[in-house]
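Residue-level listing of the chains:
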Amino acid sequence: MTKIAIIDYGLGNLRSVIRGLEKAGAQAAITCDPSEIAAADGLVLPGVGAFSEGMEQLGTLRATVMDATRSVPLLGICLGMQMLMETSEEHGVHAGLGLIPGLVKKFPRVPGHKVPHMGWNSLTVTSRDHPLFSGFGKDEYVYFVHSYYAETAPEYTLTSTEYIRPFASSVAKGNTCGVQFHPEKSGATGLRLLENFIGMC
């Protein structure tokens, strides 16, 4: 059975993520143990909260994660996806992991649109050959909760979503991929994505 390490750095909805991965068929463990992370077949970096706090809390695990991504897939979820980028403008400019080129920006204030972007929204799959979105149709809906979004080049964008402006709702480069939405809260569509990720490991 595929072993997935959910990286515990003090932020994130870890229990719902582990339930989602187990339902998708993985042997999942919540851990901050570098040896357990290094031995996993795949990694999940969840996260809820502010970018700078996430990077600070990750601390010494940063090197462990960077080393592991050379050989196994990594899935960032919500804040975890944003932390994969180079920089964020949330509460000042802060450096991310830099695994995917791009920056994290705040949604502009537009009349009639609330920030955070919260609730169900659709995905436009822009990279149909990526295994993370194998079997996905044209109008898949997933669950979002975020005030900031990732801005990256089309070559790193797997799906885009429209809210106030088009933004990258999932990204990938090499072994590393991330989703801005919460697959563990996105019903059958989210479960399919988790199954696809497990299949990549």
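Predicted model, so just to flag it, every value in this text is computed and none were measured. (Residues numbered from 1 in each chain as written. Predicted model: local features only at pLDDT ≥ 70, side-chain atom pairs only at ≥ 80, totals over all residues. Heavy atoms only, no water.)

**Regarding the pairing of strand β12 (residues 165-173)**
No. 1: Inspection of the sheet shows strand β11 (residues 157-163) paired to β12 by six bridges, in the antiparallel sense. Across the sheet, T161 pairs through a bridge with F167, a residue of β12.
No. 2: Following β11, the chain reverses through one residue before pairing antiparallel with β12; I164 in that reversal takes a positive phi of roughly 70°.
No. 3: Between β12 and strand β13 (residues 176-179), which pair antiparallel and follow one another directly, the connecting turn spans two residues, one of which, G174, has a positive phi of 60°. (Pairing = 2+ DSSP bridges. Helix = DSSP H or I, 4+ residues; strand = E, 2+ residues; numbered from the N terminus.)

**Some words on the side chain of H182**
No. 1: Its location among the elements puts H182 in the loop between β13 and α6 (187-200).
No. 2: Leaving out residues up to four positions away in the same chain, H182 has contacts with V48, I77, C78, Y143 and V145. (Contact = heavy atoms within 4.5 Å.)

**Comments concerning unusual backbone geometry**
In most cases, non-glycine residues show a negative phi, while peptide bonds are predominantly trans.
No. 1: Here the residue pair V115 and P116 is connected by a cis peptide bond, since its omega of 15° sits within 30 degrees of zero.
No. 2: Within the secondary structure, P116 sits in the loop between β7 (103-106) and β8 (117-125).
No. 3: One non-glycine residue, C78, lies in positive phi territory at about 55°.

**Remarks on the packing of aromatic side chains**
No. 1: Summed over all chains, the structure comprises eight aromatic pairs.
No. 2: On the numbers, 5.8 Å between centres and 80° between planes, the contact of F107 with Y163 is edge-to-face. Residue F107 is located in the loop between β7 and β8, and its partner Y163 is located in strand β11; the two are separated by 56 residues in the primary sequence.
No. 3: The interplanar angle of 75° and the centroid separation of 5.8 Å between the aromatic rings of F144 and F181 together place this pair among those described as edge-to-face. One end of the pair, F144, is in strand β9 (residues 140-146); the other, F181, is in the loop between β13 and α6, with 37 residues separating them in the sequence.
No. 4: You can call F181 buried: its relative accessible area is 0%.
No. 5: Grouped by ring-pair contacts, the aromatic residues F107, F144, Y149, Y163, F167 and F181 constitute a single cluster. (Phe/Tyr/Trp six-rings, centres within 6.5 Å; stacked < 30°, edge-to-face > 60°. Buried < 20%, exposed > 50% of the residue type's maximum accessible area, 1.4 Å probe, protein only.)

**Some remarks on the pattern of salt bridges**
No. 1: If you walk through the whole model with that rule in mind, you get four salt bridges.
No. 2: In this structure, E151 engages K105 in a salt bridge whose closest nitrogen and oxygen atoms are separated by 3.7 Å. Taken together, the residues E151 in strand β10 (residues 148-151) and K105 in strand β7 connect sequence positions 46 residues apart.
No. 3: E140 is the partner of R192 in a salt bridge, and the nearest nitrogen-oxygen pair spans 3.1 Å. Within this pair, whereas R192 is found in helix α6, its partner E140 is found in strand β9, the two being separated by 52 residues in sequence.
No. 4: Linked by salt bridges that have partners in common, K105, E151 and R165 make up one network. (Salt bridge = Lys/Arg side-chain N within 4 Å of Asp/Glu carboxyl O.)

**Section: the nonpolar core**
No. 1: Grouped together as the largest cluster of nonpolar side chains are 34 residues, with contacts concentrated most on L21, V44, L75, L132, F133 and L193.
No. 2: Other than its neighbours up to four places away in sequence, L75 contacts L43, V44, L45, L132, C177, G178, V179, L193, L194 and F197.
No. 3: Counting residues in hydrophobic clusters, the runner-up holds 30 residues, among them A5, I7, Y9 and I100. (Core = buried A, V, L, I, M, F, W, Y, C linked by side-chain atoms within 4.5 Å.)

**What about helix α4 (residues 61-68)?**
No. 1: Every buried residue belonging to α4 is among L61, T64, V65 and A68, and all of these are buried. Each buried residue of α4 sits inside an arc of 95° when the element is viewed along its axis, so together they form one side. (Arc of directions from axis to C-beta.)

**Structural notes on the packing of helix α1 (residues 14-23) against α6**
No. 1: Put simply, α1 and α6 touch, their axes get as near as 9 Å, and they point 70° apart. Between α1 and α6, the angle falls in the class roughly perpendicular. Taking contact as the criterion, the partners of G20, L21 and K23 in α1 are, on α6, L191, L194 and I198.
No. 2: Of the residues belonging to the contact of α1 with α6, the class tally is four nonpolar, one polar and one charged. (Axes fitted to C-alpha atoms, helices over the stretch in contact; angles between N-to-C directions. Parallel < 35°, antiparallel > 145°, perpendicular 65-115°, else oblique. Nonpolar A, V, L, I, M, F, W, Y, C, P; charged D, E, K, R; others polar.)

**A look at the side chain of N121**
No. 1: With respect to the helices, strands and loops of the structure, N121 is situated in strand β8.
No. 2: Given the relative accessible area of 13%, N121 is considered buried.
No. 3: Among the polar contacts listed, one links the side chain of N121 to the side chain of H117, at a separation of 3.2 Å.
No. 4: Beyond its immediate sequence surroundings of up to four residues, N121 is in contact with E140, Y141, V142, F144, T161, E162 and Y163. (Polar contact = N/O pair within 3.5 Å; in protein donor to acceptor, adjacent residues only side chain to side chain.)

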